[in-house]
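Breakdown of the fold
Listed below are the residues making up each chain.
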Amino acid sequence: IVLSVPASELENALKTLKEPPALIITDSQVFPLVYEKKPPESKLTSFSILLAGVKGDIHRLVKGAEGVDRLTESSRVLIAEACTHAPLTEDIGREKIPALLRKKFGSGLHIDIVSGMDFPEDLTPYDLIVHCGGCMFNRKYLLSRIENAETAGVPMTNYGVLLAKLNGILDKIDF
């Protein structure tokens, strides 16, 4: 049985269940809230992480998250979005993730943002690449981006993995 609720109603929804859910799939942006309220026996993941497993290579993207530990205020980060949608207010890739990274590493952190097919040929200037889930790309194309990053020696992760890492719960998320 699938139950869908807004994160703000998670606690009430859990109270209505006879048994805790086996798996909770959330938006990565609300990881801290959902993690705090989830039953200990319930597994937790996000749409972005599940998509990374289907479209990319989740294990390589999790390994790429180690690059976060080496960032400094003078680092350079590339944020890559597959889609070319018009950015919305509080867009995760253009506003929320850059704000979280700058809060943690300093306002001098240099962040470039690309979308769609725009992806630099030379990735070597970057210290970290953060990619969206890749829903607009096929698996082969997203894997080629991961391989290009590895060839350049640049760690690459995705939005959901990064948010779990920044919230200190990456080791508690199911892939």
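Residues numbered from 1 in each chain as written. Predicted model: local features only at pLDDT ≥ 70, side-chain atom pairs only at ≥ 80, totals over all residues. Heavy atoms only, no water.

Below, the discussion takes up the overall build of the protein chain. The helix and strand inventory of the protein chain stands at seven helices and six strands. Scaling as 2.2 N^0.38, a compact globule of 175 residues should have a C-alpha radius of gyration of about 16 Å, and the protein chain matches this with 17 Å. For the protein chain, the C-alpha atoms occupy an extent of roughly 55 × 35 × 30 Å along the three principal directions. With 175 residues in all, the protein chain has 46% of them scored as buried. Restricting the contact set of the protein chain to residue pairs at least 6 apart, pairs at least 24 apart contribute 69%. If you sum the accessible surface of the protein chain, you get close to 9,600 Å²; carbon and sulfur atoms cover 53% of it. Seen as two clouds, the 20 positive and the 23 negative side-chain charges of the protein chain have centres 3 Å apart. (Helix = DSSP H or I, 4+ residues; strand = E, 2+ residues; numbered from the N terminus. Rg over C-alpha atoms; globule rule 2.2 N^0.38 Å. Buried < 20%, exposed > 50% of the residue type's maximum accessible area, 1.4 Å probe, protein only. Contact = heavy atoms within 4.5 Å. Areas by Shrake-Rupley, 256 points an atom, 1.4 Å probe, with all protein chains shown as cover. Lys, Arg positive; Asp, Glu negative; His and termini not counted. Charge placed at Lys NZ, Arg CZ, Asp CG, Glu CD.)

With that settled, the discussion passes to the sheet that holds strand S4 (residues 110-115). Spatially, S4-S3-S5-S6 is the arrangement adopted by the four strands of the open sheet, whose pairing is parallel. In this open sheet, the two edge strands, each paired with only one partner strand, are S4 and strand S6 (156-158). Direction aside, the axes of adjacent strands within the sheet are offset by 20° on average. Two elements, strand S3 (residues 76-81) and S4, share six bridges in a ladder whose sense is parallel. The residue of S4 that forms the bridge with Val77 is Ile111. (Pairing = 2+ DSSP bridges. Axes fitted to C-alpha atoms, helices over the stretch in contact; angles between N-to-C directions.)

For the rest of this paragraph, the subject is the nonpolar core. Counting 48 residues, the largest nonpolar core has Phe31, Val77, Ile97, Leu101, Ile129 and Val130 as its most contacted members. Among residues more than four places away in sequence, those in contact with Ile97 are Ile79, Ile92, Val130, Tyr159, Leu162 and Leu163. (Core = buried A, V, L, I, M, F, W, Y, C linked by side-chain atoms within 4.5 Å.)

The next subject is the packing of aromatic side chains. As enumerated under the stated definition, the model contains one aromatic pair in all. With a centroid separation of 4.6 Å and 70° between ring planes, the pair formed by Phe137 and Tyr141 is classed as edge-to-face. Taking the relative accessible area as the measure of exposure, Phe137 reaches 7% and is therefore buried. (Phe/Tyr/Trp six-rings, centres within 6.5 Å; stacked < 30°, edge-to-face > 60°.)

Quick look at helix H5 (residues 92-105) now. Of the residues making up H5, those classed as buried are Ile92, Gly93, Ile97, Pro98, Leu101 and Phe105. On its buried side, H5 packs onto S3, S4, strand S5 (128-131) and helix H7 (159-166).

The next subject is the pattern of salt bridges. In a structure, side chains of opposite charge can pair up when their charged atoms sit close to one another. Scanning the entire structure with this criterion turns up eight salt bridges. Across the pair Arg60 and Asp57 runs a salt bridge whose closest N-O atoms are separated by 3.5 Å. For Arg60, a relative accessible area of 24% gives the class partly exposed. With its nearest N and O atoms 3.3 Å apart, the salt bridge here joins Asp171 to Lys172. Taking relative accessible area as the criterion, Lys172 reaches 37% and is therefore assigned partly exposed. (Salt bridge = Lys/Arg side-chain N within 4 Å of Asp/Glu carboxyl O.)

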